[in-house]
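Overview (structure and organization)
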Amino acid sequence: MGSPVLSPPLSRTDAQIEAMSAEEVLSWAYEEFGESLCISCSWQKQSSVLVHMVSEIGLDVDIVELDTHLFFKETYETRERLVERYGLTLIVPEVLTIAEQHKVEGPNLWESKPDHCCHIRKVEPLIRALEPYHAWVSGIRREQSPSRANAKKLERSDRYGVWKVQPLADWTEKDVWRYIMSNEIPYNPLHDAGYRSIGCMPCTRPTRPDEEERAGRWAGSDKLECGIHVEKTDS
Ligand code: SF4
């Protein structure tokens, strides 16, 4: 796990960063952190935006894929299309195979202890993946759910020992689609089948237009987040 570290003062204030466009946030973060900056991708629509945007600006940023081994086939196909179009090289932290997890933790951990399953398959791999970096870009948006309503474009994470860079924090779902369509970017076709938010197969269902965008994740439970964007340290 990343331990809390003292980091030097940044060249911009929170208010200045909040006033920046997504492209400006990415460009500033690259200037500030250079090769110590990475992007995490789960191949939803926000991943499509971010990989296109860094390519357009011409930033050479590492891409970390958090593959739980439980993605939909369409998600893996989307990854391949984006890798091919943008020439991406992915950094993929190791994770237990599903068979190993069944053996160690019992079958279908996502049903019995979903928080623990997310911890093993998402949080721990991310903690390891972020060790070499000082800043981590993700595609979270305030509008996605109440649990993300206060997300800022830049936050400090003591849990991971990095700056969290969230260039799309103030984007709406419509903004995302407008950007994808106007730039003809490959995107996950499950979005066209009603999946407004896409995670692992066992924990994702389509979302109705009148529901919150992430209502199809862990539906029927009070779980809202996989835990990677939460500043807690237990599982
Ligand atoms: Fe496990 Fe579901 Fe979390 Fe995926 S989303 S890691 S299957 S609990």
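Just so it is clear, the model here is predicted, and its values are computed rather than measured.

**Points about empty space enclosed by the protein**
Inspection of every chain in the model, using the stated rule, returns 2 cavities of 30 Å³ or more. Empty space within the largest cavity amounts to approximately 370 Å³. Taken together, the elements giving at least two residues each to the lining of the largest cavity come down to strand S1 (37–41) and helix H3 (45–57). Tallying contributions element by element places H3 first for the lining of the largest cavity, with 3 residues. Across the lining of the largest cavity, the residue classes tally to 9 nonpolar, 11 polar and 4 charged. Of the volumes computed, that of the second largest cavity is approximately 120 Å³. Along the wall of the second largest cavity there are 14 residues; nearest its centre are Cys118, Lys122, Cys200, Cys203 and Trp218. Within the lining of the second largest cavity, the residues separate by chemical class into 8 nonpolar, 3 polar and 3 charged.

**Comments concerning the packing of aromatic side chains**
Both the distance between ring centres and the angle between the ring planes are used here to describe each pair of aromatic rings. Within the structure shown, the criterion is met by 6 aromatic pairs. Ring plane angle 40 degrees and centroid distance 5.4 Å describe the contact between Phe71 and Tyr76, whose orientation is recorded as tilted. Seen from the ring of Trp163, Arg156 lies directly overhead, with NZ or CZ sitting 5.1 Å from the centre.

**Points about the packing of helix H5 (residues 98–105) against helix H7 (residues 114–129)**
For any two helices packed against each other, the geometry is given by the interaxial angle and the distance between the axes. Axis separation between H5 and H7 bottoms out at 12 Å; the angle between their running directions is 135 degrees. The orientation of H5 with respect to H7, classified from their angle, is oblique. Judged by the sense of rotation from one axis to the other, the crossing of H5 with H7 is right-handed. When H5 is examined against H7, the residues Ile98, Gln101 and Glu105 are found in contact with a partner set consisting of His116, Cys117, Ile120 and Arg121.

**Side note on the environment of Leu154**
Position of Leu154 relative to the elements: it lies in strand S5 (residues 154–157). Relative accessible area serves as the criterion here: at 5%, Leu154 is assigned to the buried category. Considered as a pair, Leu154 and Ile127 are 27 residues apart in the sequence and their alpha carbons are 18 Å apart. Every residue in contact with Leu154, bar those within four places of it in the chain, is listed here: Leu10, Ile17, Glu18, Trp28, Trp163, Lys164 and Val165.

Cut-offs and rules
Here the residue index of a chain counts from 1 through its sequence in written order. The predicted origin of the model limits local features to residues at a pLDDT of at least 70 and limits the giving and counting of side-chain atom pairs to 80 or more, whereas totals for whole chains, interfaces and linings rest on all residues. The basis for every side-chain value is the complete set of heavy atoms in the structure, and neither hydrogens nor water enter the calculation. Definitions used throughout: a 1 Å grid over protein atoms alone; a cavity as a set of points that fits a 1.4 Å probe which cannot get out; a pocket as an open set with protein on both sides within 12 Å along at least five of seven lines; a lining residue as one with an atom within 4 Å of a point. Grid points are joined across faces, edges and corners, and a volume is the space filled by probe spheres set on the points. Helix and strand definitions follow DSSP, with helices as H or I runs of at least four residues and strands as E runs of at least two, each counted in order from the N terminus. As a working rule, the residues Ala, Val, Leu, Ile, Met, Phe, Trp, Tyr, Cys and Pro are called nonpolar, Asp, Glu, Lys and Arg charged, and the rest polar, with Gly in that last group. For Phe, Tyr and Trp, rings pair up if their centres lie within 6.5 Å, where Trp contributes its six-membered ring, and each pair is then called stacked (planes under 30 degrees apart), edge-to-face (over 60) or tilted (otherwise). The criterion is that NZ of a Lys, or CZ of an Arg, lies within 6 Å of the ring centre and within 35 degrees of the ring normal, and then a charge sits over that ring. Note on definitions: angles span 0 to 180 degrees between N-to-C directions of axes, and those axes are lines fitted to C-alpha atoms, for helices only across the stretch in contact. Orientation categories follow fixed angle ranges, with anything under 35 degrees roughly parallel, anything over 145 roughly antiparallel, 65 to 115 roughly perpendicular, and all other angles oblique. Crossing handedness is read from the near helix: turned anticlockwise from the far helix by less than a right angle, it gives a left-handed crossing, and turned clockwise, a right-handed one. Residue contacts are counted whenever heavy atoms from the two residues lie within 4.5 Å of one another. Only protein chains enter the accessibility calculation, which uses a 1.4 Å probe. A residue is then buried if its area is under 20% of the maximum for its type, exposed if over 50%, and partly exposed in between.

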